[in-house]
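Here are the chains, one letter per residue:
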Amino acid sequence: MTDKIIVLTGAGLSAESGLGTFRDEGGLWAQHRIEDVATPEGFARNPQLVHDFYNARRAQAAEASPNEAHVALAELQARWSGEVVIVTQNVDGLHEAAGGVALHMHGRLTGALCNACDHRWEAPMTMAPDDPCPACGARATRPDVVWFGEMPYHMEEIATHLASCMLFASIGTSGQVYPAAGFVQEARLAGAETVELNLEPTDISRAFAQRRFGTASQVVPDWVAGLLG
Ligand code: OAD
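Nothing here was measured: the structure is a model prediction, and the numbers come from that model.

Participant: Looking at this model, I keep getting lost on the pattern of salt bridges. Mind explaining?
Facilitator: If the charged atoms of two oppositely charged side chains come close together, the side chains can form a pair. Enumeration according to the criterion identifies eight salt bridges in this entry. With its nearest N and O atoms 3.5 Å apart, the salt bridge here joins Arg-45 to Asp-36. Between Glu-96 and Arg-108 there is a salt bridge, with its nearest N and O atoms 3.9 Å apart. Of this pair, Glu-96 sits in helix α7 (residues 94-97) while Arg-108 sits in strand β4 (residues 107-114), placing them 12 residues apart in sequence.

Participant: How should the sheet that holds strand β8 (residues 193-198) be read in this particular structure?
Facilitator: Neighbouring strands of a sheet are bound in pairs by backbone hydrogen bonds; such pairs are parallel or else antiparallel. Spatially, the six strands line up as an open sheet ordered β3-β2-β1-β7-β8-β9, and their pairing is parallel. Across the chains shown, the open sheet's two edge strands, defined by having one partner strand only, are β3 (102-104) and β9 (210-213). In this sheet, neighbouring strand axes are inclined to one another by 20 degrees on average, regardless of whether the strands run parallel or antiparallel. Judged from the five bridges that link them, strand β7 (residues 167-171) and β8 form a sheet pairing that is parallel. Bridging from a neighbouring strand, Leu-167 pairs with Glu-193 of β8. Relative to the sheet, helix α6 (residues 68-79) contacts β1 (5-9), β2 (84-88) and β7, its axis offset from that of β2 by approximately 145 degrees.

Participant: How should the pairing of β2 be read in this particular structure?
Facilitator: Here is the key point about a regular strand: its side chains alternate between the two faces of the sheet. Taken across its five residues, β2 has five buried, putting it largely inside the fold. Where burial is concerned, the two faces of β2 agree: the one with Val-84, Ile-86 and Thr-88 and the one with Val-85 and Val-87 are both buried. Across three bridges, β2 lies against β3 in parallel orientation. Bridging from a neighbouring strand, Val-87 pairs with Leu-103 of β3.

Participant: Even after reading the chapter, I still don't get the pairing of β1, so can you show me in this structure?
Facilitator: Within β1, five of the five residues are buried, which leaves it mostly tucked inside the rest of the structure. Along β1, one buried face is formed by Ile-5, Val-7 and Thr-9 and the opposite face, lined by Ile-6 and Leu-8, is buried too. The sheet contact formed by β1 and β2 spans five bridges and is parallel. For Val-7, the partnering residue across the bridge sits in β2 and is Ile-86. Examined bridge by bridge, β1 and β7 share five bridges and lie parallel to one another. Looking at the pairing, Val-7 lines up with Ala-169 of β7.

What counts, and at which threshold
Residues numbered from 1 in each chain as written. Predicted model: local features only at pLDDT ≥ 70, side-chain atom pairs only at ≥ 80, totals over all residues. Heavy atoms only, no water. Salt bridge = Lys/Arg side-chain N within 4 Å of Asp/Glu carboxyl O. Helix = DSSP H or I, 4+ residues; strand = E, 2+ residues; numbered from the N terminus. Pairing = 2+ DSSP bridges. Axes fitted to C-alpha atoms, helices over the stretch in contact; angles between N-to-C directions. Contact = heavy atoms within 4.5 Å. Buried < 20%, exposed > 50% of the residue type's maximum accessible area, 1.4 Å probe, protein only.

See the structure below:
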């Protein structure tokens, strides 16, 4: 029997670190149109607007510190007898700042990507549409984040982990964006225990065998302490 745990995280995990979520009241998608700032078409129409959006988020994320939930998940990774795979939809670096390791399925704010040659490099704090690619020189620089209509990163590796885990936990995510929202079904097919930890019930809560509601900084350390005994 495998003792692998998969933890999927979303914006609610970083809410108490001061980073806004997307769909809560007053969240990012109440202030910006998804099609303008988080699609390839929006970037083609107005790259400056898209860079402004991600530059602001990069600056905010650089000021943020991990909260108790990020720290507890890093502790779980360090102390659990088996493997703990953290898959995050978050583009901030707070798992790593807490000492954890995460697969960033929606990319990272600290990455830059050339739309012309796919070269990747460390993003400067402020990116601009005419920044040249250090490899090919093209002025087609974009943030290395995944937009709607694009394939998330690490999908094959994640599918392999989901097929062989004993426990799947979903933390601070509304379950409205696929493919991440479908991971619980994949884990159940593999025979895994499933648990949702979130501020409140989500559209997919009923897919989980267990549910724990409260702020991430409260419920995640409690859940981790229970696992570590
Ligand atoms: P959402 O904003 O959709 O959902 C955040 C969830 O966190 C909600 O269910 C909240 O109830 C919950 N929440 C809020 N504060 C919390 C707290 N302190 N503790 C615990 N839970 C809390 O964010 P995501 O589900 O992460 O993708 O969004 C998924 C994807 O949609 C993002 O990666 C992004 C977005 O559009 C792209 O941009 C491609």
